[in-house]
Structure formats: C-alpha cells, structure tokens
Amino acid sequence: MAITSSTWAPISEMGLAQAINENSTTQKYKIGHRVKCRDTSTQARGEAEFEYRGGIGSCLEGSVVCFDGDIVLLATTRSVGPVGIAMSAVEVSEYGWFQVAGNAKIKAVVSIADNAQLYTCGTAGSVDDAVVTGDMIHGARSTSATDTGFITAVINHPNCADTNNS
C-alpha cells in the first residue's frame, strides 16, 4: 500500500490561513499554534493535531523533529524534547505544520515491523525500530511495516528524553 498525502480539514477552528501540507516564507500563525483536523481523503486517518513552527535545513515531508523552545531540530540519536512530524518540506526561513498526534506518515531508513516501538537513529529526521538505550520516542508506535521509505505510526504528543527505555 503506497502512502500518499492526506487532505486535512480543520475541526478546532474555521478554515486555515495555511494548509497543513504547505510551507510558507510568510509566518501566518504564532509559533506553537495548534489545530485539530480530520483526514477527508480516502485514507481516512481520522483526527490529528498539528503544531505551527519555523523550519530547518534538510527537513522533508515525514521528517521527525524535536522542538527546543521555538527552535526545530531534526531528531537523531540522543535527541531530547517534544517530537513532531513535518507535514511538508519546511526549510530554513519557512513556516509549516508538524503533526503531534494521530496517525502519521514518518520517514524510516530501514525495514520496520508493524506494531513496533519507534526510536531515533543516526540518520537525522528518520526512525528505526532497533532498541537503543536513550533513543526511544515515547508516544510513537508503528501501525504498518516500511513502505518505500515511510511508515505509518500512531503518535500521541511524542517526546525523546535521552533516558533508558523503561
């Protein structure tokens, strides 16, 4: 099954000044603004929550990032902080949405099993299911095996803490 972009319609406010899957050089919301949406595509991913942030170099759709205050960093080994999933290629000097809850499309560098705990890895912005102490992404679990470099996963305000995996 190919993973394709979804169409997200807001349910927590009327309309959006910037679509969930778009990036912009103009800031249209306050950093940290959150919106709840429903997937209206044939994928029927249900409801999800998104947070508005500035971008970072090499950030692609599906990239895993960590938030450090107002700063966005590509997640890698030993990352710390709240986690989001880029909804578009949100580069430096751009703004866009990052998914923080719901069924997400996430970059994966290796084959990942269905129903696996997710971990950050040495490839910035991607996930793995290899158990590595300190790299667990709390609140993130795969819901499909890898499909052309991506997985689907259920996330619920995920975070990395650089602690042991218990």
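A brief report on the enclosed structure follows.

Thoughts on the environment of Ser93
Here is step 1 of the chain: Mapped onto the elements, Ser93 comes out in the loop between strand E6 (81-86) and strand E7 (95-107).
Here is step 2 of the chain: Taking the relative accessible area as the measure of exposure, Ser93 reaches 59% and is therefore exposed.
Here is step 3 of the chain: Each C-alpha atom, one on Ser93 and one on Thr25, is 6.1 Å from the other, the two residues being 68 residues apart in sequence.
Here is step 4 of the chain: Beyond its immediate sequence surroundings of up to four residues, Ser93 is in contact with Ser24 and Thr25.

Concerning the pairing of strand E10 (residues 136-142)
Here is step 1 of the chain: Note: strand E8 (residues 117-120) against E10, 2 bridges, orientation antiparallel. In the strand pairing of E10, Gln117 is matched with Arg141.
Here is step 2 of the chain: Pairing of E10 with strand E11 (residues 150-160) involves 5 bridges; the strand directions are antiparallel. Looking at E11, one finds that Ile137 is bridged to Cys160.

Notes on the pattern of salt bridges
Here is step 1 of the chain: In the structure shown here, the tally under the stated rule is 6 salt bridges.
Here is step 2 of the chain: Between Glu49 and Arg34 there is a salt bridge, with the nearest N and O atoms lying 3.5 Å from each other. Separated by 15 residues along the polypeptide, Glu49 in strand E3 (residues 47-54) and Arg34 in strand E2 (residues 34-39) bring together distant segments of the chain.
Here is step 3 of the chain: The class for Glu49 is buried, based on a relative accessible area of 13%.
Here is step 4 of the chain: Judged by its relative accessible area of 38%, Arg34 is partly exposed.

Some words on the packing of aromatic side chains
Here is step 1 of the chain: Going through the model one piece at a time under the given rule, you end up with 6 aromatic pairs.
Here is step 2 of the chain: With a centroid separation of 5.1 Å and 65° between ring planes, the pair formed by Trp8 and Phe50 is classed as edge-to-face. In this pair, Trp8 is assigned in strand E1 (residues 8-10) and Phe50 in strand E3, connecting sequence segments 42 residues apart.
Here is step 3 of the chain: The buried category is assigned to Trp8, whose relative accessible area is 9%.
Here is step 4 of the chain: Relative to Trp97, the ring of Tyr52 has its centre 5.0 Å away and its plane inclined at 65°; by these criteria the two rings are edge-to-face. Taken as a pair, Tyr52 in strand E3 and Trp97 in strand E7 lie far apart in primary sequence, 45 residues in all.
Here is step 5 of the chain: Here Tyr52 falls in the buried class, since its relative accessible area comes to 0%.
Here is step 6 of the chain: Judged by relative accessible area, which is 0%, Trp97 ranks as buried.
Here is step 7 of the chain: These aromatic residues form a ring-pair network of at least three members: Tyr29, Tyr52, Tyr95 and Trp97.
Here is step 8 of the chain: We note Arg53 situated over the ring of Phe67; from NZ or CZ to the ring centre the distance is 4.1 Å.
Here is step 9 of the chain: Its end group placed over the ring of Phe150, Lys105 keeps NZ or CZ at 4.6 Å from the ring centre.

Topic: the side chain of Gln117
Here is step 1 of the chain: Residue placement: Gln117 occurs in strand E8.
Here is step 2 of the chain: Separated by 2.8 Å, the side chain of Gln117 and the backbone oxygen of Ile137 make a polar contact.
Here is step 3 of the chain: At 3.3 Å, the side chain of Gln117 forms a polar contact with the backbone oxygen of Ala140.
Here is step 4 of the chain: Contact partners of Gln117, with chain neighbours within four places excluded, come to Asp128, Asp129, Met136, Ile137, Ala140 and Arg141.

Description of the pairing of strand E5 (residues 71-74)
Here is step 1 of the chain: Burial along E5 is one-sided: Val72 and Leu74 are buried, while Ile71 and Leu73, pointing the other way, are not.
Here is step 2 of the chain: When strand E4 (residues 64-68) meets E5, the two strands line up antiparallel, connected through 4 bridges. Counterpart to Phe67 in the pairing with E5 is Val72.
Here is step 3 of the chain: Joining the antiparallel neighbours E4 and E5 is a turn of 2 residues, in which Gly69 adopts a positive phi near 65°.

The rules behind each value
Residues numbered from 1 in each chain as written. Predicted model: local features only at pLDDT ≥ 70, side-chain atom pairs only at ≥ 80, totals over all residues. Heavy atoms only, no water. Helix = DSSP H or I, 4+ residues; strand = E, 2+ residues; numbered from the N terminus. Buried < 20%, exposed > 50% of the residue type's maximum accessible area, 1.4 Å probe, protein only. Contact = heavy atoms within 4.5 Å. Pairing = 2+ DSSP bridges. Salt bridge = Lys/Arg side-chain N within 4 Å of Asp/Glu carboxyl O. Phe/Tyr/Trp six-rings, centres within 6.5 Å; stacked < 30°, edge-to-face > 60°. Lys NZ or Arg CZ within 6 Å of the ring centre and 35° of its normal. Polar contact = N/O pair within 3.5 Å; in protein donor to acceptor, adjacent residues only side chain to side chain.

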